[in-house]
Amino acid sequence: GDAGRCGEMWGDDFLLLRGTPSPPRRLRLYRSSGGLGSASASQARNAPQELQPRDMPQQLRAAAAARPAAAAAPPPAEVVEPAASKAHANLQLILSGEASIGLSLEFLVRSNKTDTLILTGMKKAADQRNSLCHSAIVLAHSLMNAGTTADSFLRDNLEWLSRATNWAKFSATATLGVIHRGHVKQALSLLAPYLPQAGMSASPYSEGGALFALGIIHANHGHSIRAYLLDALRSAGTNEVVQHGCALGIGISMMGSEDEDLYEELKGVLFNDSAVAGEAAALAMGLLMLGSASPKAIEEMLGYAHDTAHEKIIRGLAIGIALCMYGREEEADPLVTTLLHEQDPILRYGAMYTIAFAFAATGSNAALRKCLHVAVSDVSDDVRRAAVIAIGFVLANTPAQCPRVVKLLAESYNPHVRYGSAFAVGISCAGSGSKEALELLTPMLSDPVDYVRQGALLASSMVLMQSADHKADSKLSKHREDLRKVVGDKHEDTMTKFGAIVATGLLDAGGRNVTIGLTSRTGNKIMPAIVGMGIFSHFWFWHPLLLFVSLAFTPTAAIGLNADLRMPQWRFKSGAPPSAFAYPPPTSNEKKEVASTVATASLSTTAKAAKIDKAKKAEAEAAEKAKAAERAEEERVAKEKADLAARDAMLAKLTELHKRGSLSGVLHASLTGVAAKSEGGGAADAGDAMDTSADAGAAGKPSLEALVGEVREAHARGDISTAAVAAVLKLQPDKADEAEFDFEVLENPSRVLRSQERFCSLLPASRYEPVAKGRTSGVIMLKDTAPDAEEELLPLPAALAAASEGAEEEEPAPPEPFELPA
């Protein structure tokens, strides 16, 4: 079941509970029948058998016969301590993956930094009549907001969104699954307006897309919706669009489950020989049997690939067969050899993806030799492209080698090979910011072939994900400018525009808080990420498959948890200035205006006019002095009012930060003067921090200068994060440019880039310490050094709190008994 998937989203974040850094292995049960995985006769004979009375010695049989009947009663039930029961429940949450999903969702909702102005700009720049650009913007929006539950852009542009028709509507509805991925408790209620309903006939495209979205939300954890999707598949009848979406939903939610009932149901859809539904069913069959190497499944899929005439079905079967061999390495060699000798190029295409999945992140030299040989020798462009892309998967664990391996292929005369080399570098070097990778991709950005430029733009965005260099002359800034130019160029090819729009979504994916990672920090493979990237690269033939890339998104976060798997208020230090690893600056619609100066002409006057002017000037100077004094008084009063308004705004901001959990209750009381106000004799103790003006003193609030000073002192102690300090201090009136802090205080949870991890450390007086010394990112189990003190936990974000309250809302109690008056 889900017990082997604890590392799927956070890699090895819970390794402390496993005791060894080796990757988790799936537990297999022997089947009673023969074939793969069946127990041999010797294993059955050697298995422990129930001890029969005739096998017992004479003395033991006599003792058993003389034993009183009461002794045969079952032993009393073991009493489980509450602490042990709680620990078992927490362990089950971790092993089932529920803890990882919930933490990822909460972090992405809290830290969402999506810049909607980028989407608005693309919407205005793209050709409104071009349906492909429209669909690309919808897809880019889902990638930018993946896992954040933020869909306000779609709600604000419903009229524009309604232009999506047919399969574009299917994709647009499916993007809701990417946006709300992991929000499993509210999945059905969120998608209720689009899901199929008995007695109501809506658009089959929106229904199919909603079923696909439901699968994405429950990706790799679909047991709770298995029955719903199976019933929807059976109720779809002959509607191939609904069957398509339902099959994809089943595949992505139940991947690796080897569910025979679902497999047989999908096989029935496949054998209907419908091109649209059959392709999705074949892909879903491969996802169900992911890594199983089932001879039965491979034989059936390969046999039907020979029988059918639909290229779409054959292509789905080719990828499905490859998925069955995920992680099997040399065990896949016979199948690869068989597929490479097929006359159908689509099956040879599947052979390359079989190598990609079987040898992903292994660096196998034998696999590389096969891919390089096919990349320069096969007669099909599709097969050669797939062979080069497979190199990126094989070298995913050693990204520095990939640009060197595909360097000559990137200069090939064949544009498909050049596209494949760009994609291979993007997959292998994703999130690394590799200089060699960017140098290899730069010439392809100006390639004469449109789809090569598309691949180069997508790969560059993957390489530059989570890059922190936002200077005007940096590679990241230049790439963002290139994307804007391509989207806004009316003469650019549509395929390149599509790639630029999707690349923009990838660059800022997950609210700018995720990266693409196929391996964990300790080098273990992340199965959903590899599968997601493999099917994503297949979007060349079918755009809805582009959404599979969301499976490869890995949050770059540090999340501290206490013994109850809750987030306490905890802060830690980054030894680099805040700008070194800051989010990209937000875009602005404001246009810079240059003030122009006009030279004043001077005219000559007569002496008489000069005297008159001199007298008037003296009178004007005297009047001006009086007015200056009045203005000075007005400015003083205005400054006092501005200071008071700024002070009140800062206090309101501090209260907002306290409600969000960014400020402890003690510090909030100290800064805002709540303690002095609530305690009878506290005003005298806090007199130094109080304003002496009448209105401020009556309110018991600190002065602006005192408040700023105390906030800075709290930041120096590590009691408040740098981001909170910046949010408060920017409210100062006439704030001059201040020197940047030489360190940064981060709060729990916080974005921590891979390049930032080496700068992170504990604060001197931190209450919590990591159980694993030196751990600075991922899920960090914390040890409370003051367990007797009151613990302040972070409240749920508003978006999740409202959903949680709605899900757990109980019916009101019945009224008390009463008697009606006569």
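Residues numbered from 1 in each chain as written. Predicted model: local features only at pLDDT ≥ 70, side-chain atom pairs only at ≥ 80, totals over all residues. Heavy atoms only, no water.

**A short note on the packing of helix H20 (residues 365-377) against helix H21 (residues 381-394)**
Okay, step 1: Two numbers describe how H20 lies on H21: the axes approach to 8 Å, and their chain directions differ by 155°. The angle between H20 and H21 places the two elements in the roughly antiparallel class. Judged by the twist between their axes, the crossing of H20 over H21 is left-handed. Between H20, through Ala367, Leu368, Cys371, Leu372, Val374, Ala375 and Val376, and H21, the contact on the second element is made entirely by Val383, Arg384, Ala387, Val388, Ala390, Ile391 and Val394.
Okay, step 2: Tallied by class, residues from the contact of H20 with H21 come to 13 nonpolar, no polar and 1 charged. (Axes fitted to C-alpha atoms, helices over the stretch in contact; angles between N-to-C directions. Helix = DSSP H or I, 4+ residues; strand = E, 2+ residues; numbered from the N terminus. Parallel < 35°, antiparallel > 145°, perpendicular 65-115°, else oblique. Left-handed = near helix turned anticlockwise from the far one by under 90°. Contact = heavy atoms within 4.5 Å. Nonpolar A, V, L, I, M, F, W, Y, C, P; charged D, E, K, R; others polar.)

**A closer look at the pairing of strand E9 (residues 778-784)**
Remark: a regular strand shows side chains that alternate across the two faces of the sheet.
Okay, step 1: Summarising burial for E9: 5 of the 7 residues are buried, a large majority.
Okay, step 2: Across 4 bridges, the pairing between strand E3 (residues 557-561) and E9 is parallel. Opposite Ile559, over in E9, you have Val779 as the bridge partner.
Okay, step 3: Across 3 bridges, the pairing between strand E8 (residues 768-770) and E9 is antiparallel. The partner of Glu769 across the bridge, within E9, is Lys783. (Buried < 20%, exposed > 50% of the residue type's maximum accessible area, 1.4 Å probe, protein only. Pairing = 2+ DSSP bridges.)

**Description of the environment of Leu657**
Okay, step 1: Residue placement: Leu657 occurs in helix H30 (residues 607-660).
Okay, step 2: By relative accessible area, which is 2% here, Leu657 ends up buried.
Okay, step 3: Separated by 63 residues in sequence, Leu657 and Ile720 place their C-alpha atoms 9.9 Å apart.
Okay, step 4: With residues up to four places along the chain from it excluded, the contact list for Leu657 reads Ser662, Leu663, Ala724 and Val728.

**Quick word on the sheet that holds strand E6 (residues 750-751)**
Okay, step 1: The strand order across the open sheet formed by 4 strands is E6-E3-E9-E8, and the pairing between neighbours is mixed. Two strands close off the open sheet at either side, each with one partner strand: E6 and E8.
Okay, step 2: Strands E3, E6 and E9 of the sheet are contacted by helix H4 (residues 98-110), whose axis makes an angle of about 120° with E3.

**Some words on the nonpolar core**
Okay, step 1: Counting residues in each nonpolar core, the largest one holds 192 residues, and the members touching the most others are Leu323, Phe423, Ile516, Leu518, Met533 and Phe553.
Okay, step 2: Considering each element in turn, this core owes the most residues, 10 residues, to helix H19 (residues 345-358).
Okay, step 3: Apart from residues no more than four positions distant in its own chain, Leu518 is found in contact with Phe393, Ala396, Ile427, Asn524, Lys525, Ile526, Ala529, Ile530 and Met533. (Core = buried A, V, L, I, M, F, W, Y, C linked by side-chain atoms within 4.5 Å.)

**Thoughts on the pattern of salt bridges**
Okay, step 1: Tallied over the entire structure, the rule returns 34 salt bridges.
Okay, step 2: A salt bridge links Glu300 to Lys296; the nearest nitrogen and oxygen atoms lie 3.5 Å apart. Taken together, the positions of Glu300 and Lys296, both in helix H16 (residues 295-307) and 4 residues apart, correspond to about one turn of that helix.
Okay, step 3: You can call Glu300 partly exposed: its relative accessible area is 24%.
Okay, step 4: The exposure class assigned to Lys296 is partly exposed, which follows from its relative accessible area of 39%.
Okay, step 5: Between Arg480 and Asp508 there is a salt bridge whose closest N-O contact spans 2.8 Å. Placement of Arg480 in helix H26 (residues 475-488) and of Asp508 in the loop between helix H27 (494-507) and helix H28 (509-512) is noted, with a sequence separation of 28 residues between them. In terms of burial, Arg480 and Asp508 fall into one category: buried.
Okay, step 6: Within this structure, Glu264, Lys267, Lys296 and Glu300 form a network of salt bridges that share partners. (Salt bridge = Lys/Arg side-chain N within 4 Å of Asp/Glu carboxyl O.)

**Quick word on the packing of aromatic side chains**
Okay, step 1: Scanning the model with the defined rule gives 20 aromatic pairs in all.
Okay, step 2: Here the aromatic rings of Trp167 and Trp542 are separated by 5.0 Å at their centres, their planes lie at 75°, and the arrangement is edge-to-face. Here Trp542 lies in the loop between helix H29 (527-536) and strand E2 (553-555) and Trp167 lies in helix H9 (residues 167-179), a separation of 375 residues in the sequence.
Okay, step 3: Their ring planes at 70° and their centres at 6.4 Å tell us that Tyr419 and Tyr451 sit as a pair that is edge-to-face. (Phe/Tyr/Trp six-rings, centres within 6.5 Å; stacked < 30°, edge-to-face > 60°.)

**Digging into the confidence of the model for the protein**
Okay, step 1: With 81% of its residues at a pLDDT of at least 70, the protein reaches an overall mean of 82.
Okay, step 2: In this model residues 592-597 is a low-confidence stretch, pLDDT under 50, and it forms 0 contacts with partners more than four residues away in sequence or in other chains. (pLDDT = per-residue confidence, 0-100.)

**Focus: the side chain of Arg384**
Okay, step 1: With respect to the helices and strands, the residue Arg384 is situated in helix H21.
Okay, step 2: For the buried Arg384, which has no salt bridge, the nearest side chain bearing the opposite charge is Asp381, at an N-O separation of 4.9 Å.
Okay, step 3: Residue contacts for Arg384: discarding those within four places in its chain leaves Val374, Ala375, Val376, Asp378, Tyr413, Asn414 and Val417. (Lys, Arg positive; Asp, Glu negative; His and termini not counted.)

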